Amino acid sequence: MTEPNPALDKAEAAAREAAVNTAAVQIALAAVELAKAAQARPVVQPHACEHHHQRGRGAGEWLAIACAVCIGGVGIAFASIAIALGFLSVGFVALILRSAWRDVRKGR
């Protein structure tokens, strides 16, 4: 058999260490590439906000709102006319009562 050669043993140990270092470097490079890939592609969340969005009003809803406003306007107009007639009648009654009071004071 062959005798152990110290130079050959050193070379063999260096080759084993280089093989281990090469594997570690490859793992480190793979981790760096993975980190770069993760940073390059941002994570997009479909719903970033927590509140619920309401859909817009449809044409039927807007038509109903417009009709309600028109009917309310007509109601306010009639109420205004009724109030004006009420004040007018109160004014006539006041004039009639004043005239009657004058007649009573004069002794007629």
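Predicted, not measured: the structure shown is a model, and the values here were computed from it. (Residues numbered from 1 in each chain as written. Predicted model: local features only at pLDDT ≥ 70, side-chain atom pairs only at ≥ 80, totals over all residues. Heavy atoms only, no water.)

Q: How do you make sense of the overall build of the protein chain when you look at a structure like this?
A: Secondary structure assignment for the protein chain yields two helices and zero strands. Residues counted as buried form 0% of the 108 residues belonging to the protein chain. Surface accessibility of the protein chain: about 10,300 Å² in total, with carbon and sulfur atoms responsible for 68%. (Helix = DSSP H or I, 4+ residues; strand = E, 2+ residues; numbered from the N terminus. Buried < 20%, exposed > 50% of the residue type's maximum accessible area, 1.4 Å probe, protein only. Areas by Shrake-Rupley, 256 points an atom, 1.4 Å probe, with all protein chains shown as cover.)

Q: Could you clarify how one ought to interpret the packing of aromatic side chains in this entry?
A: How two aromatic rings sit relative to each other is set out by the distance from centre to centre and by the angle between their planes. By the definition in use, this model includes zero aromatic pairs. The aromatic ring of Trp-62 is capped on one face by Arg-57, whose charged end is 5.8 Å from the ring centroid. (Phe/Tyr/Trp six-rings, centres within 6.5 Å; stacked < 30°, edge-to-face > 60°. Lys NZ or Arg CZ within 6 Å of the ring centre and 35° of its normal.)

Q: Just checking my understanding: could you explain the state of the cysteines for this structure?
A: Two cysteines joined by a covalent bond between their sulfur atoms form a disulfide. All told, the structure shown has zero disulfides when counted by the stated rule. Sulfur of Cys-67: no disulfide; nearest cysteine sulfur belongs to Cys-70 and is 6.5 Å away. (Disulfide = S-S within 2.5 Å.)

Q: Would you explain a nonpolar patch on the surface in this entry?
A: Taken together, Val-74, Phe-78, Ile-81, Leu-85, Leu-88, Phe-92, Leu-95 and Ile-96 make up a surface patch of nonpolar side chains, about 840 Å² in accessible area. With respect to the secondary-structure elements, Leu-85 resides in helix α2 (residues 59-106). Classification of Leu-85 by relative accessible area gives exposed; the value is 52%. (Patch = residues over 30% accessible without salt bridge, like charges linked within 9 Å, V, L, I, M, F, W, Y side chains within 5 Å. Salt bridge = Lys/Arg side-chain N within 4 Å of Asp/Glu carboxyl O.)

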